[in-house]
Amino acid sequence: MNIGIVLYPTFGGSGVVATELGKGLAKEGHKIHFITYSQPTRLDFFNENLFYHEVDFLSYPLFRYPPYELALASKMVDVVIHEKLDLLHVHYAIPHASAAYMAKQILKTKGADVPVITTLHGTDITLVGKDPSFEPVVTFSINESDGITAVSENLKQDTLDHFAIEKDIAVIPNFIDLNRFKKQKRDHFKTAICPNNEKLVVHTSNFRKVKRVEDVVRVFYNLRKSMPVKLLLVGDGPERIKIENLCRELDTCDDTRFLGKIEAVEEVLSVSDLFMMTSEKESFGLAALEAMACEVPVISSNAGGLPELNVDGYSGFLCDVGDIDQMTEKALYILDDKNLPKFKENALNRAKEFEISNILPLYIDYYNFVIENFNARISV
Ligand code: GMT
């Protein structure tokens, strides 16, 4: 197949999933055309089947808000025609689904047409999409897609609950490449961070409000009273100042390191003992899956799609959002040397169920299904 993938190129989960999906499909012999505004962070790999089309546009003083969506739609039209795409797969509804709708309308005037699949990732539905400033466009453009996927049953349900969707939504979960995300020997790093053999707790995110990173710091504060432990915070974002202030207030700074947006997150995970994902909402929790693949058990909230990934009492524990005491108690249980090895083994076993080789065929089957229906419809 000749597939156009539209995505956000940054560290966000939707961009990571879209890039890894494209790389996986390219390895299987499909031609993949990434369409976005800068080189995707995870596109660090050469393959003769991978292509990158940058969306650039004229800046003009009149534009207080640069019309990215229009430039994106124009680029989609260009790539569909010149690269003879069989399918456009857009990741994150806003504004990719509506740009794809516009591209389709333009293509029809040129005697061309292409099926569009929209993958819903999370905040495009649960946070941003629901906002009245976007809702009508999101509902319309999802309904105009030829195929819709969501990354968890919970996100599918949330979408049906909050938008008047008239089409089926297929659930295809996030996945992991276990060749990249695996426990690596990084003893020197572990010794540098934990010179006295402290246990290591880690959190990675974009430090947005929805992640409740302050809960991680509060749990860590409690743990530190009971055992020697260190905290690594990977990523960055708008809540960083608040988190730093809380570390100062609780006097945990000496045992906490902010590592920033590092790319080789698997190296940090390889030396970690516990991953914390305290989000208020989380459609799937790709960062938790990456941790599990590196044999790190997970304390997560029981919000959104997290119970579909983290198995309570097996790969970690599920706790109520904001319940610091429960999270502390469960973290102490996991970090106990009697329990830790089993939880580590279970975390990896659970991650194996989401190995890319299990999930890629679901996307390929869905592509074929959508293309067949689309062709049947336009031949009538
Ligand atoms: O909020 C983020 O972490 C980024 C966001 C995105 O769309 O880039 O992530 C969402 O998509 C990921 C990939 O499908 C999911 O694993 C994350 O759970 C989801 N984030 C939220 O729902 C908050």
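About the cut-offs
- Residues numbered from 1 in each chain as written.
- Predicted model: local features only at pLDDT ≥ 70, side-chain atom pairs only at ≥ 80, totals over all residues.
- Heavy atoms only, no water.
- Pairing = 2+ DSSP bridges.
- Helix = DSSP H or I, 4+ residues; strand = E, 2+ residues; numbered from the N terminus.
- Contact = heavy atoms within 4.5 Å.
- Axes fitted to C-alpha atoms, helices over the stretch in contact; angles between N-to-C directions.
- Polar contact = N/O pair within 3.5 Å; in protein donor to acceptor, adjacent residues only side chain to side chain.
- Domains from an automatic or database assignment.
- Buried area = accessible area lost by both parts, 1.4 Å probe.
- Salt bridge = Lys/Arg side-chain N within 4 Å of Asp/Glu carboxyl O.
- Nonpolar A, V, L, I, M, F, W, Y, C, P; charged D, E, K, R; others polar.
- Buried < 20%, exposed > 50% of the residue type's maximum accessible area, 1.4 Å probe, protein only.
- Right-handed = clockwise from strand over helix to strand, strands pointing away.
- Near = heavy atom within 4 Å.
- Areas by Shrake-Rupley, 256 points an atom, 1.4 Å probe, with all protein chains shown as cover.
- Arc of directions from axis to C-beta.
- Disulfide = S-S within 2.5 Å.
- Parallel < 35°, antiparallel > 145°, perpendicular 65-115°, else oblique.
- Left-handed = near helix turned anticlockwise from the far one by under 90°.

(A) Just the sheet that holds strand β3 (residues 50-54), in detail. With parallel pairing, the seven strands of this open sheet are ordered in space as β3-β2-β1-β4-β5-β6-β7. The open sheet has two free edges, formed respectively by β3 and β7 (170-171), since each of these has just one partner strand. Note: strand β6 (residues 147-150) against β7, two bridges, orientation parallel. What sits directly across from T149, in β7, is A170. In this fold helix α15 (residues 356-378) packs onto β1 (2-6), β4 (87-91), β5 (116-120), β6 and β7, with an angle of close to 155 degrees to the strand it touches most, β6.

(B) Region of the structure containing the environment of T123. You can see T123 is positioned in helix α4 (residues 123-126). Residues T123 and S300, 177 residues apart in the sequence, show an inter-C-alpha distance of 18 Å. Ignoring anything within four residues of it in the chain, the contact list for T123 reads Y92, V128, G129 and R208. Within the local environment of T123, its side chain forms a polar contact with the side chain of Y92, the two groups lying 2.7 Å apart.

(C) Broad picture of the domain arrangement of the protein chain. As far as domains go, the protein chain holds domain 1 (2-175 + 356-378) and domain 2 (187-352). With centres defined by C-alpha atoms, the gap from domain 1 to domain 2 works out at 31 Å. Contacts between the two partners involve 20 residues from domain 1, matched on the other side by 14 residues from domain 2. When domain 1 packs against domain 2, the two sides together hide about 1300 Å² of surface, and 57% of this comes from carbon and sulfur. Scanning the region where domain 1 abuts domain 2 turns up two salt bridges. For E290, the salt bridge is made with R42, and the minimal N-O distance between the two is 3.2 Å. Of all the elements in the fold, those that place two or more residues in the side of domain 1 that touches domain 2 are α1 (13-27), α4 and α6 (153-162). Sort the elements by how many residues they give to the side of domain 1 that touches domain 2 and α6 lands first, with four residues. Residue composition of the side of domain 1 that touches domain 2, grouped by class: seven nonpolar, 10 polar and three charged.

(D) A look at the pairing of strand β9 (residues 229-235). In terms of burial, β9 is a largely internal element, seven of the seven residues being buried. Strand direction decides the pairing type here: strand β8 (residues 199-205) and β9, joined by seven bridges, are parallel. Looking across to β9, one finds that H203 is bridged to L233. You can see the chain leave β8, run along helix α8 (residues 213-226) and come back into β9, and the turn it takes is right-handed.

(E) Spotlight on the site of the ligand. Around the ligand sit 19 residues in total, of which H121, N174, E282, S283 and G285 are the nearest. Taking N174, its side chain carries an N or O atom lying 2.8 Å from an oxygen atom of the ligand. A distance of 2.8 Å is found between an oxygen atom of the ligand and a backbone nitrogen or oxygen belonging to S283. In isolation the ligand has 480 Å² of accessible area, and contact with the protein removes 94% of it. Tallied by class, the residues present in the shell around the ligand amount to five nonpolar, 10 polar and four charged.

(F) How the structure looks around helix α9 (residues 240-250). Among all positions in α9, only I243, E244, L246, C247 and L250 are buried. Looking straight down α9, one finds that the buried residues subtend no more than 160 degrees of arc, so they occupy a single side. Seen from the open side of α9, the exposed residues pointing more than 90 degrees away from its buried face are I241, R248 and E249. Buried residues along α9 sit against α8, β9 and β10 (256-260). A positive phi of about 60 degrees marks D251, the residue just after α9.

(G) Seen up close, the side chain of K230. With respect to the helices and strands, K230 occurs in strand β9. Among the polar contacts listed, one links the side chain of K230 to the side chain of D255, at a separation of 2.8 Å. Residues contacting K230, with those up to four places away along its chain left out, are I193, C194, E198, K199, L200, V201, F220, D254 and D255.

(H) Representation of the state of the cysteines in the model. A full pass over the atoms with the stated rule returns zero disulfides. Counting only cysteine sulfurs, C253 is the nearest neighbor of C247, a cysteine outside any disulfide, at a range of 5.1 Å.

(I) Seen up close, the packing of helix α11 (residues 286-293) against helix α14 (residues 340-352). Here α11 crosses α14 at 120 degrees, and the two axes come no closer than 7 Å. Judged on the interaxial angle alone, α14 and α11 are oblique. Considering only the axes of α11 and α14, their crossing is left-handed. Between α11 and α14, the residues in contact are L289, M292 and A293 and A347, L348, R350 and A351, respectively. When the residues that make up the contact of α11 with α14 are grouped by side-chain class, the tally is six nonpolar, no polar and one charged.

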